[in-house]
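Each chain is listed here by its residues.
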Amino acid sequence: MSLVADVLVWLGDKAHYRGDDGVLHRLAVHLEVTGAAVGIACLVALPTAVWLGHRRSRVGGLVVSAANATRALPVFGVLIVLASTSLGTTNKSAVAGLALFAVPPLLTNAYVGLRDVDPDVVEAARGNGMSGAQVLRAVELPLAVPLIAAGLRTSVVQVIATATLSAYVGGGGLGQFINEGFGRGDQVETAAGGVLVAALALAAELLLAGVQRLVTPRTATRP
Amino acid sequence: MHHLDAPNPWFSASFLQQNKDFLWSATREHLVLVGLSVAFGLLLAVPLSVLVQGHRRWSALLVQTTGVLYTIPSLALFALLEPVTGLTVTTAVIGLTSYTLLVLVRNVLAGLEGVPEEVLESARGMGLGRWRTLVTVELPLAMPTILAGVRVATVSNVALATVGIVVSHGGLGQVIFQGLYANFYRAEILTGTLLCVLLAGAAELVLLGLERLLTPWTRR
Amino acid sequence: MRARTLAAVGIAAALLAGCSDSSNGKTTSLKDSSSKGDVLVVLADDLKLQTVDNIVPVVRTAKASPALEAALDKVSSALTTPDLIALNQAVDVARQTSVAAAQKYVSDKGLTSGLSGGKGKIVVGAANFSESATLANLYADVLKAAGFDASVKSVTNREVYEPALEKGDLDVFPEYVGTLTEFLNKKANGANAAPKASGDLDATVSALKGLAGPRGLTVYTPSAAADQNAFAVTKNFAKANNLTKLSDLKNVKTKLVLGGPPECPTRPFCEPGLEKTYGLTFASFKSLDAGGPLTKAALKDGSVQVGLVFSSDGSLGSL
């Protein structure tokens, strides 16, 4: 129980928030890296998944399976492999690695979201003379948005957790508290770091759940 | 400056040749870590889920607790366990087991929940007691869902076991990190990573096969 | 409907905006572009911050035996600093693994002959840098030749493995005389304890024995081979700021970021030593690794200006 008390004291100490190795700076780095990774993943995954889902292509199923296979990738392996490329040990390799892990939830959800739009609705829109592109823009995408938002939420929370590990191999972010605490035999710092990461993940989850609710049309047929 | 440039191939046959023993012992440790953690996960998840099944509040509590365990960053969990249980396989297994619980509990509960009411009634009608119904009717019917959970937990743990390196038992993570320490030796790093992926793929296939074997009625 | 679509896209765009920030490293580190470079050079320790750091086997007293000592002494007496540098080069440059490099050394020097009397399991620990792994394998090889069932267990740093050694998760460790002395000193006598390690090997070894004994640890004969903490900068940075020794760093006008293992800010021969003995102030510290590839890469790409390396590193350049 005294560890809990010590952690609370640590978290309450203003000095721990200042400076380049303080909570605020590391939080900023953590968010930056997460944002960049999810951003890249969106750029890669969303257009691909939307296109495959819109066409209801069979290839889509394969692509989703392949993306889900990334669950089997060891995080340290990917991060260190990328750090040993020309990307080096800068944040670039961490962002690239994290982007890889951010792709599957986005890809899967966007694909399924588009593929599973009620065919009757699509037919009705076609019947009204809308072209494929118009159907995509005005009917399918809006209906798929809730699922895409859910995918974004999963992706962000996953990257926040994974970014913690990148601290162990030279990256920045809140994981550094865990890394340093362990390396210095300071259990309080380790636990405080764990609490900070968990809190960030929870905050992101709640925020994006709210966003998901906002973008869910009340009258849409949920797939 | 040239003599300081270390060759750094992504693949080296001689590396594989010279380090067969190391790679094999790392793989063996990896299998032990994953096997033990999933086994213990089941040993915990099945009885607990059976106990709370049907009781909404207890079920929710169990799922929430395992959920909380899941959100503890793995690095922190291993780091905090180490002073207690040491630099041992035990520490790594405890950590890995706790991450399997959420998936396993959810799937066991879902599997049990999915047993049709009529089947339970006919079992009762046949005079089967609670225990026998569970073992001979409910669990077998829940098997596909439970095995799906075992598959997810296993593949996740194959990837996660590498984090055990922080407590000196990371299986193939050992290969990856030795490659890092030895001046970013790519062949070693990539070999460790690929072996991990291959192991995950093999585990997935084996468990799919097991699923087919144990639930022949789903083949139709 | 369009508004909702835009909302989702807007979120993605806001996240993307994070892209530009991290690529110029604005908030991640103070990148001093003038410190980038491909060659690393060690700055001389002119004020003698570092103490003697000869390699010495440290053993759990419960496992100590004449056979164990004889085997480990064979390695200690054969190993020299040039040998150590050559071994490090074999691993870090010639891409042999620590296991292979150790095996070759042991057979080349005939270290396995004349050893016997060993029985039982011995776990040799190796810290998280390649030299330690090589040394651990050297120990394990001779122990096997003596008849022990020896194996190497890879661990992280002293703050983690020393308690494990005392507890029995490890039996033998290839240690560094001065650094271990001060570590045990601080552990026993508090963070502000007067230093017990110095430039005198014999005095330091007897201080070490005095500290290790009560912890159930036995210290065997140290080797001639030594490896101290050293601090490196890129050749470019050294040339740009006229640096040849560590005390020259005081004159550098630009901000200095220090890179090293996570425990550096709390180790007397690391950051605190640089601050006290050389009067340096660092803008910040970056947790990387112990004289390993992460630190060296950070030096080369300019994210740190000064980095901890090891004096026996096989891949450093010269001024």
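In this report, the structure presented in the accompanying data block is examined.

Definitions and cut-offs
Residues numbered from 1 in each chain as written. Chains lettered and ligands numbered in written order. Predicted model: local features only at pLDDT ≥ 70, side-chain atom pairs only at ≥ 80, totals over all residues. Core = buried A, V, L, I, M, F, W, Y, C linked by C-beta atoms within 7 Å. Buried ≥ 20, exposed ≤ 12 C-beta atoms within 10 Å, placed from the backbone. Contact = placed C-beta atoms within 7 Å. Helix = DSSP H or I, 4+ residues; strand = E, 2+ residues; numbered from the N terminus. Nonpolar A, V, L, I, M, F, W, Y, C, P; charged D, E, K, R; others polar. Pairing = 2+ DSSP bridges. Axes fitted to C-alpha atoms, helices over the stretch in contact; angles between N-to-C directions. Parallel < 35°, antiparallel > 145°, perpendicular 65-115°, else oblique. Left-handed = near helix turned anticlockwise from the far one by under 90°. Right-handed = clockwise from strand over helix to strand, strands pointing away.

### Describing the nonpolar core
In terms of nonpolar packing, the biggest core is built from 228 residues, with A:Ala37 and C:Tyr139 touching the most fellow members. Once you skip the residues sitting within four places of it in the chain, C:Tyr139 turns out to touch C:Pro57, C:Leu72, C:Val75, C:Val124, C:Val172 and C:Pro174.

### Some thoughts on the interface of chain C and chain B
Chain C puts 24 residues into the contact, and the matching count from chain B is 21 residues. Those elements that place two or more of their residues in the side of chain C that touches chain B are α3 (81-92), α4 (98-108), α5 (130-145), β4 (149-154) and α6 (158-167) of chain C. The element best represented in the side of chain C that touches chain B is α6(C), accounting for three residues. Among the residues making up the side of chain C that touches chain B, the classes are represented as eleven nonpolar, eight polar and five charged.

### Side note on the sheet that holds strand β10 (residues 306-310) of chain C
Residue and element names in this part refer to chain C. Strand order in the open sheet formed by five strands is β1-β7-β10-β8-β9, with mixed pairing between adjacent strands. Sheet topology places β1 (40-43) and β9 (284-287) at the edges, where each strand pairs with a single neighbour. In this sheet, adjacent strand axes meet at a mean angle of 35° when their direction is disregarded. Examined bridge by bridge, strand β7 (residues 229-234) and β10 share four bridges and lie antiparallel to one another. Bridge assignment links alanine 232 to a residue of β10, and that residue is glycine 307.

### Let's talk about unusual backbone geometry
Residues and elements named next belong to chain C. Phi at arginine 95 takes a positive value of approximately 60°, unusual for a residue other than glycine. Counting through the fold element by element, arginine 95 comes out in the loop between α3 and α4. The phi angle at asparagine 242 is positive, at roughly 55°, despite the residue not being glycine. When you line up the elements, asparagine 242 lands in the loop between α9 (235-241) and β8 (257-260). Overall, the presence of 9 C-beta atoms within 10 Å leaves asparagine 242 in the exposed class.

### Some remarks on the environment of B:Glu29
All names here are of chain B. Tracing the sequence through the fold places glutamate 29 in helix α2 (residues 20-52). Linking glutamate 29 and glycine 171, residues 142 residues apart in sequence, is a C-alpha distance of 4.9 Å. Leaving out residues up to four positions away in the same chain, glutamate 29 has contacts with His169 and Gly171.

### Some words on the packing of α3(C) against α5(C)
Residue and element names in this part refer to chain C. One can describe the packing of α3 onto α5 by two numbers: an axis separation of 10 Å at closest approach and a directional angle of 110°. The orientation of α3 relative to α5 falls into the category roughly perpendicular. Considering how the two elements wind past one another, α3 and α5 form a crossing that is right-handed. Where α3 approaches α5, its residues Leu87, Asn88, Val91 and Asp92 are matched on the opposing element by Ser130, Glu131 and Thr134. Per-class residue counts for the contact of α3 with α5 are two nonpolar, three polar and two charged.

### Topic: the pairing of strand β3 (residues 121-126) of chain C
All names here are of chain C. The buried count for β3 comes to five of six residues, which makes it a mostly enclosed element. Pairing analysis gives six bridges linking β3 to β4, with the strands arranged parallel. Within the sheet, the bridge partner assigned to valine 124 lies in β4 and is valine 152. Handedness of the β3-α5-β4 crossover: right-handed.

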